[in-house]
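Understanding the architecture of this molecule
As a plain string of letters, each chain reads:
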Number of protein chains: 2
Amino acid sequence: KSFIEVHPDSHFSIQNLPYGVFKHEPDSQPRPGVAIGEYVLDLSVIALAGLFDGPYLRNSDCFNQPNLNTFLALGRPAWKEARTTLQKLLSAAEPILRDNASLREKAIVPMDKVQMLLPIAIGDYTDFFASKHHAKNCGLMFRGPENPINPNWFHIPIAYHGRASSVVISGTDIIRPRGQGHPTANSLPYFGSSRKLDFELEMAAVVGPGNELGKPVDVNEAADHIFGLVLMNDWSGDIQAWEYVPLGPFLGKSFGTTISPWIVTLDALEPFASDAPEQNPPPLPYLAEKESKNYDISLQVSVVPAGQKDASVVTRSNFKHLYWTITQQLAHHTINGCNLRPGDLLGTGTISGPESESYGCLLELTWNGQKPLSLGGTNRTFLEDGDEVVFTGCCKGDGYNVGFGKCSGKILPSPH
Amino acid sequence: KSFIEVHPDSHFSIQNLPYGVFKHEPDSQPRPGVAIGEYVLDLSVIALAGLFDGPYLRNSDCFNQPNLNTFLALGRPAWKEARTTLQKLLSAAEPILRDNASLREKAIVPMDKVQMLLPIAIGDYTDFFASKHHAKNCGLMFRGPENPINPNWFHIPIAYHGRASSVVISGTDIIRPRGQGHPTANSLPYFGSSRKLDFELEMAAVVGPGNELGKPVDVNEAADHIFGLVLMNDWSGDIQAWEYVPLGPFLGKSFGTTISPWIVTLDALEPFASDAPEQNPPPLPYLAEKESKNYDISLQVSVVPAGQKDASVVTRSNFKHLYWTITQQLAHHTINGCNLRPGDLLGTGTISGPESESYGCLLELTWNGQKPLSLGGTNRTFLEDGDEVVFTGCCKGDGYNVGFGKCSGKILPSPH
Ligand SMILES: [Ca+2]
Ligand SMILES: [Ca+2]
Ligand SMILES: [Mg+2]
Ligand SMILES: [Mg+2]
Ligand code: NI
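Described in the following lines is the structure provided in the data block.

All names here are of chain A. Of the residues making up helix 6 (residues 132-142), those classed as buried are His134, Ala135, Asn137, Cys138, Gly139 and Met141. The secondary structure elements touched by the buried residues of helix 6 are helix 10 (362-365). Where helix 6 begins, one side-chain oxygen reaches toward the backbone nitrogen of His133, 3.4 Å away; that side chain belongs to Ser131. The first or second residue beyond helix 6 is Gly144, which carries a positive phi of 95 degrees.

Spelled out as structure tokens, the structure:
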């Protein structure tokens, strides 16, 4: 328990302590912090006060940086040291911070007084396609019922390189993309706004130390290369349909990808580990894990329709449904020698569950627009201008939560 | 003419002055320079001496950086000012540098004494598919003669997001990637080294100031967003064939991409501008340019087979063969609102010419291994361990060259 009051419904218990980067005032320097209840603990203040006194962090300037990349590069021993130090410092029994009013005032900032920023400088962003339910639904819609999932999917954690520059922080407006569409085989392509704009419910792993070019990461050591997870909305436009053969999605994705401000560490998620689904056919040896782990993270998507105030829940899914684990994803990514760097982002792909109420995008939920959703008295097939989409993710512990807060974005109309 | 002697065959005339980043000594700071004859002019020394005295560069620290990104962000007026300043400073008639022995000694370094580094921090790397001859040849091999080029190709400068982390500087060894292969439809995939390893003869545009998320760049202003060009070898492995449906190339590409150390500016290339091929069907209005420009850059690929000393030329192509111009590529990339940043890399895709001696990769040159090439007494279908591939690119002026130097890499065997 912390000396800072944490409401039982809060996502940010002392068991969680997720990392983010925030700004105090519009013109102040970005600095790393952890969330606790309705507060942010400023890690630059804690470091300056000399309270990170373990061997890994004592002489590090990693919390005096505008992003977490330096801390990520230090690896799991430093991450564990930070977690232990911070849990102790924030505990009800520990006087150092609790009883030092001037330090408390500098270090503990109300969350509603700060602006959250992108917590990492993202060198590369990769998006996987790791949910079997999602792969199957897409296949049923576009490949037909014979063989909905492409045969390579069962052997390879399929992925594509995404666009790093357009990854934005929760709360950033998303401008409806324009591009080429091609509604029927015999028409010419037209230019215009994306007509079917969608969210994709995903999470993403944040890469830690990374690896050198030419030196793959063993799948059984891959967890040490993952700092934590964020919520991610991989917004998608239907301009993708005409452009993506043969080289994959491009402009249908790169107009914006939203992540949550708080990175929840794998250490905080560990009590919520669950067995990953059995893989059949068995993966090739380089993807065979001694222990194959997911996490029981309840995910929920709400939409606030344009002009309304109230959100309607449109889907409830769970991270535990993923077929390919994040450690398999990471090991596969490096097996060709590709180097990962601290702060790289590995998206899971849309996380759909088995039931129709647990599908992870409107494409699936409305079956490509054939079954509109009713939202607070209005109907939706795809997103309309003014709609706001809110993701939340949370693990329920015994009397506490380990949650991700929210990941949201509102659709603005295309430019003329 | 410069007071520094430039051999008529040199790529680095005073009309060129390409930009790179170099290191003097193994432990010295990387710093920007321009190539002139067999020398590198150290721009940090020139800046420190106060010789960049125009309005854009006078108070800038852009040449006191470990890469060119700050300079790139300044845009064309600053680039023109730097070019004018440097051409004057290096001219035979100008005494400031010519007659200052101590400044000359600090500023002018023999090229064979320095190590060249990646000149830019690459935020994102995109690879296009802009050569019609290449698209047609790939289509003839894999789609058949009926309709070799996919219909979208004639409307869209097709591209995919590539991997920025594994872009390396010329001279870096390339380790043969491992991954999954799937030789026949009825077999199970195997794990192993890529069997068909190839080069792809490309060039890449280096992005200047870039654009904000949501604000596309007009095709007629796109040239102001391109600083210059480099040679690029987009190494490719056949592990791509089994992985790339439906999301495009991934591990078959991300094991390494090599660029030349010298960025030749569009200003230096301007005398070699040539009309781009006519586009039929005409492009949509957002891709219709007032002036549609390529450059007459002779490209050549040589291979030094493993264990041999001499290089054999395997293809001669030209940048002027591209169907989609680099300005169309850039405008298309941003039309959905995607933001480009200084230092982003836009690869052209394999630059194949119309004749079989001008194809840009071994896949085409050997027609997928069916017609081996004879190289100095040995045969090649694809690259073997120990082979070194060398690209060169050059524009021939009247008594001078504007060249790119070389872009090379040697294949090392896969790890066990
Ligand atoms: Ca996705
Ligand atoms: Ca390529
Ligand atoms: Mg996206
Ligand atoms: Mg490559
Ligand atoms: Ni990237």
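Next comes the rest of the account.
Throughout the structure, instances matching the rule amount to 32 salt bridges over all chains. With a closest N to O distance of 3.9 Å, A:Lys88 and A:Glu94 form a salt bridge. On the basis of relative accessible area, A:Glu94 is assigned to the buried category, the value being 12%. One salt bridge in this structure joins B:Arg98 and B:Asp99, with 2.8 Å as the shortest N-O distance.

A word on the coordination of the nickel ion (ligand 5). Taken together, A:Asp124 (OD) and B:Asp124 (OD) make up the full set of protein donors to the nickel ion (ligand 5), lying 2.6 to 2.7 Å away. Placement of A:Asp124 in the loop between strand 5 (115-117) and strand 6 (125-128) and of B:Asp124 in the loop between strand 5 (115-117) and strand 6 (125-128) is noted, with the two residues assigned to different chains. In terms of burial, A:Asp124 and B:Asp124 fall into one category: buried.

Each copy of the sequence occupies a distinct position, and chain A is placed on chain B by a rotation of 180 degrees and an axial shift of 0.0 Å, giving an RMSD of 0.0 Å. The transformation just described matches what one would write down for a two-fold rotation axis. When C-alpha distances to the rotation axis are compared across chain A, the minimum falls at A:Gly248, with a value of 2.0 Å. In this assembly, 100% of the residues forming the interface of chain A have copies in chain B that are likewise at the interface, indicating an isologous arrangement.

What follows covers the coordination of the calcium ion (ligand 1). Residues and elements named next belong to chain A. Surrounding the calcium ion (ligand 1) are the protein donor atoms Asp127 (OD), Glu200 (OE), Glu202 (OE) and Asp234 (OD), at 2.2 to 2.4 Å. Along the chain, the residues that donate to the calcium ion (ligand 1) are spaced as D-x72-E-x1-E-x31-D. With Glu202 in strand 13 (residues 201-207) and Asp234 in the loop between strand 14 (226-233) and strand 15 (236-237), the pair connects residues that are 32 residues apart, well separated along the chain. With respect to burial, Glu202 and Asp234 carry one shared label: buried.

This part is about the interface of chain A and chain B. Chain A puts 57 residues into the contact, and the matching count from chain B is 57 residues. Interface of chain A and chain B: buried area, both sides summed, is about 5200 Å²; carbon and sulfur atoms make up 63% of it. B:Asp344 serves as the salt-bridge partner of A:Arg163, at 2.6 Å between the closest nitrogen and oxygen. Applying the counting rule to chain A against chain B returns 26 residue pairs in polar contact (both at pLDDT 80 or more). Elements supplying a minimum of two residues to the side of chain A that touches chain B: strand 6, strand 7 (159-161), strand 10 (178-181), strand 11 (190-193), helix 7 (240-243) and helix 9 (326-334) of chain A. Counting residues per element, the side of chain A that touches chain B draws most heavily on strand 7 of chain A, at three residues. Its residues assigned to classes, the side of chain A that touches chain B comprises 34 nonpolar, 17 polar and six charged.

Tracing the chain through its elements places B:His155 in the loop between helix 6 (132-142) and strand 7 (159-161). Once you skip the residues sitting within four places of it in the chain, B:His155 turns out to touch A:Gln180, A:Leu188, A:Pro189, A:Trp242, B:Pro281, B:Leu287 and B:Trp324.

Looking now at the environment of B:Arg83. Residue and element names in this part refer to chain B. Looking at where Arg83 falls in the secondary structure, it is placed in helix 3 (residues 76-90). A relative accessible area of 17% means that Arg83 is categorised as buried. Placed 235 residues apart in sequence, Arg83 and Asn318 show a C-alpha to C-alpha distance of 26 Å. For Arg83, the contacting residues outside a window of four places in its chain are Gln15, Asn16, Tyr19, Thr265, Asp267 and Ala268.

All names here are of chain A. Residue alternation in strand 6 divides its side chains into two sets, Tyr125 and Asp127 and Thr126 and Phe128, and both sets are buried. Judged from the three bridges that link them, strand 6 and strand 22 (residues 345-347) form a sheet pairing that is parallel. If you follow Thr126 over to strand 22, its bridge partner there is Leu346. The sheet contact formed by strand 6 and strand 7 spans three bridges and is antiparallel. Looking across to strand 7, one finds that Asp127 is bridged to Tyr160.

Cut-offs and rules
Residues numbered from 1 in each chain as written. Chains lettered and ligands numbered in written order. Predicted model: local features only at pLDDT ≥ 70, side-chain atom pairs only at ≥ 80, totals over all residues. Heavy atoms only, no water. Buried < 20%, exposed > 50% of the residue type's maximum accessible area, 1.4 Å probe, protein only. Helix = DSSP H or I, 4+ residues; strand = E, 2+ residues; numbered from the N terminus. Contact = heavy atoms within 4.5 Å. Polar contact = N/O pair within 3.5 Å; in protein donor to acceptor, adjacent residues only side chain to side chain. Salt bridge = Lys/Arg side-chain N within 4 Å of Asp/Glu carboxyl O. Donors = N, O, S within 2.8 Å, 3.2 Å for Na, K, Ca; no water. Least-squares fit on C-alpha atoms with pLDDT ≥ 70 in both. Buried area = accessible area lost by both parts, 1.4 Å probe. Nonpolar A, V, L, I, M, F, W, Y, C, P; charged D, E, K, R; others polar. Pairing = 2+ DSSP bridges.

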